[in-house]
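This is what each chain is made of:
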Amino acid sequence: MIGIVIALLSGALMSVQGVFNTGVTKGTSMWVSNSWVQFSALVICLVSWFFTDRQSFAGILQVQPKYMLLGGVIGAFITYTVIKSMDALGPAQAVMLIVVSQLAVAYLIELFGLFGVDKQPFLWRRVIGMAVCIGGIILFKWES
């Protein structure tokens, strides 16, 4: 149950963050805004680390495979693409497309066992569920 609550909170925070980041970009520039987002996240992470686990940063050197360390790089491009999509499409439509894209890519990662994730069997109900989500986007966007 706690996982569901945290996932719902995560989605809500992503939507609010996307709107905030788009607003900051209007007053600055894309990369200034993105830098601020990443810098402020770093500060919060360091303060949280200081008051909680204090585990050595040397553990980063032990991470295998090394490409797993690219999460921050991907994060910068996530921020960029969220800002651009929200600016072009508006928050609701952008988030719907982002979520469907996340769902499709996550399912492919599980289906093929990519990046060390346990391989899962193909299930038609998951494909149908994704199709329903895409149908929801079409219905949401439909103008009469």
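Another aspect to go through is the packing of helix α1 (residues 2-27) against helix α3 (residues 71-89). For the pair α1 and α3, interaxial distance at closest approach is 9 Å and the crossing angle is 80°. Relative to α3, the element α1 is oriented roughly perpendicular. Of the residues in α3, those in contact with Ser15, Gly18, Val19, Asn21, Thr22, Thr25 and Lys26 of α1 are Thr79, Val82, Ile83, Met86 and Asp87. When its residues are assigned to classes, the contact of α1 with α3 shows four nonpolar, six polar and two charged.

Once that is clear, we can look at the layout of surface pockets. Taken as a whole, the largest pocket spans an internal volume of roughly 640 Å³. Around the largest pocket, the lining is made up of 25 residues, and of these Met14, Gln17, Asn21, Ile78 and Val82 lie nearest the centre. Of all the secondary-structure elements, those providing two or more residues to the lining of the largest pocket are α1, α2 (30-51), α3 and α4 (91-112). The biggest single contributor to the lining of the largest pocket is α1, with nine residues. Tallied by class, the residues present in the lining of the largest pocket amount to 13 nonpolar, 12 polar and no charged. Reported here for the second largest pocket is a volume of approximately 210 Å³. Taken together, Tyr67, Met68, Leu70, Gly71, Ile74, Val105, Ile109, Phe115 and Val117 form the lining of the second largest pocket. Broken down by secondary-structure element, the contributors of at least two residues to the lining of the second largest pocket are α3 and α4. Class assignment of the residues belonging to the lining of the second largest pocket gives a composition of eight nonpolar, one polar and no charged.

Reading the values: the criteria
Residues numbered from 1 in each chain as written. Predicted model: local features only at pLDDT ≥ 70, side-chain atom pairs only at ≥ 80, totals over all residues. Heavy atoms only, no water. Axes fitted to C-alpha atoms, helices over the stretch in contact; angles between N-to-C directions. Helix = DSSP H or I, 4+ residues; strand = E, 2+ residues; numbered from the N terminus. Parallel < 35°, antiparallel > 145°, perpendicular 65-115°, else oblique. Contact = heavy atoms within 4.5 Å. Nonpolar A, V, L, I, M, F, W, Y, C, P; charged D, E, K, R; others polar. 1 Å grid on protein atoms, 1.4 Å probe; cavity = no way out; pocket = protein on both sides within 12 Å on 5 of 7 lines; lining within 4 Å. Points joined across faces, edges and corners; volume = space filled by probe spheres on them.

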